[in-house]
Amino acid sequence: PLEKGKGAWRSNMIMLTVLVTGGSGLVGKAIERKVQGGRFLEMGIQFVFLSSKEADLRNITETRQIFEQYNPTYVIHLAARVVKSGSGFFS
């Protein structure tokens, strides 16, 4: 078996990509703080945190482009529509 940190370990490793939508929100930022530090990269897992600045997920073309660009293995969907007080659904 290959040992952690050896060149062969990293070059033969399959990289998993976790795409986190809503990455600039409260929960997205909390997850980002937990996965910082390279521990997950050493295990072959990279996290990509997206905010609405990178893509409007309501737009199918932009959403497809994001999925083609990152080819995620998993998606943690935290994106939400933020409504300011007085301009919400019940105003």
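Cut-offs and rules
- Residues numbered from 1 in each chain as written.
- Predicted model: local features only at pLDDT ≥ 70, side-chain atom pairs only at ≥ 80, totals over all residues.
- Heavy atoms only, no water.
- Helix = DSSP H or I, 4+ residues; strand = E, 2+ residues; numbered from the N terminus.
- Contact = heavy atoms within 4.5 Å.
- Areas by Shrake-Rupley, 256 points an atom, 1.4 Å probe, with all protein chains shown as cover.
- Buried < 20%, exposed > 50% of the residue type's maximum accessible area, 1.4 Å probe, protein only.
- Polar contact = N/O pair within 3.5 Å; in protein donor to acceptor, adjacent residues only side chain to side chain.
- Phe/Tyr/Trp six-rings, centres within 6.5 Å; stacked < 30°, edge-to-face > 60°.
- Salt bridge = Lys/Arg side-chain N within 4 Å of Asp/Glu carboxyl O.

## Some points on the overall build of the protein
Regarding its fold elements, the protein presents four helices and three strands. Order of helices (α) and strands (β) in the protein, N terminus to C terminus: α-β-α-α-β-α-β. Partitioning the intrachain contacts of the protein with sequence separation of at least 6 by distance along the chain shows that 70% fall at a separation of at least 24. Within the structure as shown, the protein displays about 7200 Å² of accessible surface, and the carbon and sulfur contribution to it stands at 55%.

## Some thoughts on the environment of Thr63
Structurally, Thr63 is set in helix 4 (residues 60–70). Note on Thr63: relative accessible area 15%, which makes it buried. Every residue in contact with Thr63, bar those within four places of it in the chain, is listed here: Asp56 and Leu57. In terms of polar contacts, Thr63 uses its side chain to reach the backbone carbonyl oxygen of Leu57, at 3.1 Å.

## Focus on the packing of aromatic side chains
Enumeration over the complete set of coordinates arrives at two aromatic pairs. With 5.4 Å between their ring centres and 80 degrees between their planes, Phe40 and Phe47 make a pair best called edge-to-face. On the basis of an interplanar angle of 15 degrees and a centroid distance of 6.1 Å, the ring pair of Phe47 and Phe49 is categorised as stacked. These aromatic residues form a ring-pair network of at least three members: Phe40, Phe47 and Phe49.

## Describing the pattern of salt bridges
Tallied over the full model, the rule gives two salt bridges. One salt bridge in this structure joins Glu32 and Lys29, with 3.2 Å as the shortest N-O distance. Pair noted here: Glu32 and Lys29 are both in helix 2 (residues 26–35), with a separation of three residues, about one helical turn. For Glu32, a relative accessible area of 22% corresponds to the partly exposed category. Asp56 is paired through a salt bridge with Arg58; the nearest N and O atoms lie 3.0 Å apart. Judged by its relative accessible area of 27%, Asp56 falls in the partly exposed class.

## Examining unusual backbone geometry
The phi angle at Asn71 is positive, at roughly 45 degrees, despite the residue not being glycine. Here Asn71 is to be found in the loop between helix 4 and strand 3 (74–77). A residue is classified by how much of its surface remains accessible, and Asn71, at 60% relative accessible area, is exposed.

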